Amino acid sequence: MTLNATSGNACPSPMKPTSNGVFQGDNPLDYALPLAILQICLVLVVTRGLAYLLRPLRQPRVIAEIVGGILLGPSALGRNKSYLHAVFPPKSLTVLDTLANIGLIFFLFLAGLELDPKSVRQTGKQAFGIAMAGISLPFAIGIGSSFVLHETINRGGDSTTFLVFMGVALSITAFPVLARILAELKLLTTNVGRMAMSAAAVNDIAAWILLALAVALSGKSQSPLVSLWVFLSGCGFVICSILIVPPIFKWMAQRCHEGEPVEEIYICATLAVVLAAGFATDAIGIHAMFGAFVIGVLVPKDGPFASALVDKVEDLVSGLLLPLYFVSSGLKTDVATIRGLQSWGLLAFVIFTASFGKIVGTVVVSLFCKVPFNEALMLGFLMNSKGLVELIVLNIGKDRKVLNDQTFAIMVLMALFTTFITTPLVIAVYKPARKTADYKYRTIERKTANSQLRILACFHGARNIPSMINLIEASRGIQKRDALCVYAMHLKELSERSSSILMVHKARKNGLPFWNKGQRADSNHVIVAFEAYRQLSQVSVRPMIAISSMASIHEDICATAERKRAAVIILPFHKHQRLDGSLDITRNDFRSVNKRVLEYAPCSVGILVDRGLGGTSQVSASNVSYCITVLFFGGGDDREALAYGGRMAEHPGIRLVVLRFVLEHRIVGEIVRVDVGESSSTKIISEDEEFLAEYKLKIANDDSIVYEEKIVKSAAETVATIREFNCCNLFLVGRRPAGEVAYALKRSECPELGPVGGFLASQDCPATASVLVMQQYHNGVPIEFISEVEEQLSDRDPESA
């Protein structure tokens, strides 16, 4: 790789790898290894810091890495020559560029893994036409603008090679960047998002072919026959790889079974094949990254083999080595070379032509395909996003002397601007109609007891599945076949990792993120669990997956509940049970998700504190034998818990105990009375009495339901009574119980569970039963009452209870 322009024509002396230390008079910055360590640490601090600052702007991390590379280069910090020659001296650039290119090779291998040839072959005519328009018009405009640049600031190079590079640079769409923007804006599973992803995949393939052509033309030889031989040899490499490589990887994949670790020999062999392919394409005269990309595309995407490869390679490459490539680009980017009215005018000209070609070409063809104008315009903005692929093109052009310093800086700024502006433009244009689904049953408590109950059951991983299925089994009763409908949603975080884009391919066309039905049944144990339960029971179960960042995944949950007309959302608690019975935090992010769902849910919400409901495996219907206890203090949430318990009691294997707590009116001492207004308290009491009266009539002849009333004088008596019923399998409680009895309990560390649920989940309660904390839909309980109770009790000495 050619050295930076700052190195001049002199060849720097080679650096020794390691020093003898400062105590022996050596400066570590004069040696390759310690200097490379310093460079990597500096790059990580700057790029990660910028990514954190840009997160509120909803920008992809590639923006922070490009900006960080420019800041570390001669455009900003590099203006201090002492810093530049100490941290990035010319003699260190060979080592830095080598590490950066190794990272690039493996990143392109991961990019190939993300690109599924089957999805590209299945691309519809609309997406294919949009992709072709998004390539051809910008390519033609890029060739036209190359004449302007060649005659002004890029004189002296090969005009044919330069115009091909300009055409490729202006016609590229960054597939990984586009996927992340779509995921951030919740557009992955919309019609626009699917069309944009399909078009970008086709665009990506075409861009690599055009780039291979540009590289073939950019050789040192002036003979066109040499370029032809390079291009034909590259085609031969691709054909041989298609014939030889897939059978080998298929053989490896067949020996990797779900749930078992992939043998190290297969991982090492694959990485060796990637490096060998890179060597072959570099020897041909095409960049080594092409070979790695081809191998990545040919690796089978089904089964655990591809996932294991990603897990082994990705964090080291994307987190550590790849940012060096952006710094390598930044060291070649000197914004100071863009000086004068002509240069800045050319920058504006390049940005305009790049954006005009992409946006206009995409919009025109989209309108021809009868896509609505605002969606067509949004597609144009999305297809205009650049990214790492753009930088690869520009770096190859710079290294091969096709682009000079000024042209390179202009093109880098163009890529940065077009990518940065994509998200704000899409947000400005895309204004989806906020249609609120008007459905009748948003709570479990309802007048029509035989109506269908729809549950949205969420889970984080395989650990939550047995208890969730056992809870669903307990909820189905013995009514008609369609009495219960369950949507099982797997909550998956869309992180900044490259492999997150693999999840994009698993979407269904109903506007919600679903698993692909075309997958083999044994390819996912989660699907197997719910599919087996669906076939063995009379419950309609539909597994789905929500792919989003943890900060916004609650929007997916609430939107899905709205669309599917769910009456209740079941969420797993953010703690899991350890072997000793105590609860340990899984991830605090899950707690934040639960809080936001409780705040914004369009229906009732339940939080399941799982202590192994039914054990670690699914319990068949004939073996269900649970004792469920409802702790009733009063209020809408407690009525919701009792209504759910009544549904469960329809199951022949369930015994329900309803325990109502009543405060002895003569007691004023230990129980703190809360003044909430006569009208509010009277209304709640009347609603509770009416509900309980109807419930008692309904269960009069039902031996499986036991109703008891406990008169308590203090919080200690309440706790003692609860402990008497600790032998049950599941507690059902309300999150916001109405009454001084519940709020006299010690305040919980988890306010999302409420006072009773928090006590049952705390270490102070030796409970072995699972706990389901219910919150009724907001219209069912006066929020003012709850806030007044909590406000008055917040100042009370906790020891008074």
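Residues numbered from 1 in each chain as written. Predicted model: local features only at pLDDT ≥ 70, side-chain atom pairs only at ≥ 80, totals over all residues. Heavy atoms only, no water.

Draft legend 1. Quick look at the overall build of the protein chain. Counting secondary structure elements, the protein chain contains 27 helices and 12 strands. For the protein chain, the proportion of its 801 residues judged to be buried stands at 56%. Taking contacts inside the protein chain between residues at least 6 apart in sequence as the whole, the part at least 24 apart equals 81%. Carbon and sulfur atoms make up 58% of the accessible area of the protein chain, which totals about 35,000 Å². (Helix = DSSP H or I, 4+ residues; strand = E, 2+ residues; numbered from the N terminus. Buried < 20%, exposed > 50% of the residue type's maximum accessible area, 1.4 Å probe, protein only. Contact = heavy atoms within 4.5 Å. Areas by Shrake-Rupley, 256 points an atom, 1.4 Å probe, with all protein chains shown as cover.)

Draft legend 2. The arrangement of the sheet that holds strand β7 (residues 604–609) in detail. One open sheet accounts for 10 strands, arranged β3-β2-β1-β4-β7-β12-β11-β8-β9-β10; its pairing is mixed. The open sheet has two edge strands with one neighbour each: β3 (540–548) and β10 (705–712). If you compare each strand with its neighbour and ignore which way they point, the axes differ by 20° on average. Contacts between helix α26 (residues 754–761) and the sheet are confined to β7, β8 (626–632), β11 (730–734) and β12 (770–775), with β11 contributing the most and set at about 155° to the helix. (Pairing = 2+ DSSP bridges. Axes fitted to C-alpha atoms, helices over the stretch in contact; angles between N-to-C directions.)

Draft legend 3. Highlighting the environment of Pro247. Among the structural elements, Pro247 can be located in helix α10 (residues 224–254). A relative accessible area of 48% means that Pro247 is categorised as partly exposed. Sequence separation of Pro247 and Val299 is 52 residues, and the distance between their C-alpha atoms is 9.6 Å.

Draft legend 4. Layout of the pattern of salt bridges. For the structure shown, the criterion picks out 11 salt bridges. Here Arg442 makes a salt bridge to Glu562, at a shortest N to O gap of 3.5 Å. Taken together, the residues Arg442 in the loop between α17 (405–429) and β1 (453–459) and Glu562 in helix α20 (residues 553–563) connect sequence positions 120 residues apart. Owing to a relative accessible area of 13%, Arg442 belongs among the buried residues under this scheme. For Glu562, a relative accessible area of 15% translates into the label buried. Between Arg639 and Glu445 there is a salt bridge; the shortest N-O distance is 3.6 Å. Remark: Glu445 occurs in the loop between α17 and β1 and Arg639 occurs in helix α22 (residues 636–648); sequence separation between them is 194 residues. Arg639 sits in the buried class, given a relative accessible area of 4%. Here the salt bridges share partners, and the residues they tie into one network are Arg660, Glu689, Lys696 and Glu709. (Salt bridge = Lys/Arg side-chain N within 4 Å of Asp/Glu carboxyl O.)

Draft legend 5. The arrangement of the pairing of β3 in detail. Burial runs high along β3: 7 of the 9 residues are buried. With 9 bridges connecting them, strand β2 (residues 484–493) and β3 associate as parallel partners. Bridge pairing links His490 to Ile545 in β3.

Draft legend 6. Layout of the packing of helix α4 (residues 93–114) against helix α11 (residues 264–284). Where α4 contacts α11, the two axes come as close as 11 Å, and the packing angle between them is 110°. Classified by the angle their axes make, α4 and α11 are roughly perpendicular. Seen along the crossing, α4 lies across α11 with a hand that is right-handed. Mapping the contact onto sequence places Ile105, Phe106 and Phe109 in α4 and Thr270, Leu271, Val274 and Leu275 in α11. Split into classes, the residues belonging to the contact of α4 with α11 amount to 6 nonpolar, 1 polar and no charged. (Parallel < 35°, antiparallel > 145°, perpendicular 65-115°, else oblique. Left-handed = near helix turned anticlockwise from the far one by under 90°. Nonpolar A, V, L, I, M, F, W, Y, C, P; charged D, E, K, R; others polar.)

Draft legend 7. Broad picture of a nonpolar patch on the surface. Nonpolar side chains collect at one region of the surface, where Leu225, Leu228, Trp229 and Leu232 lie side by side and expose about 460 Å² of accessible area between them. Its location among the elements puts Leu228 in helix α10. (Patch = residues over 30% accessible without salt bridge, like charges linked within 9 Å, V, L, I, M, F, W, Y side chains within 5 Å.)

Draft legend 8. Unusual backbone geometry, seen in detail. The residue Lys401 is not glycine, and still its phi comes out positive at about 65°. Position of Lys401 relative to the elements: it lies in the loop between α16 (388–399) and α17. In the Ramachandran plot, Arg565 falls in the positive-phi region, its phi being about 55° despite a non-glycine side chain. Positionally, Arg565 belongs in the loop between α20 and β4 (568–572). A relative accessible area of 39% places Arg565 in the partly exposed class.

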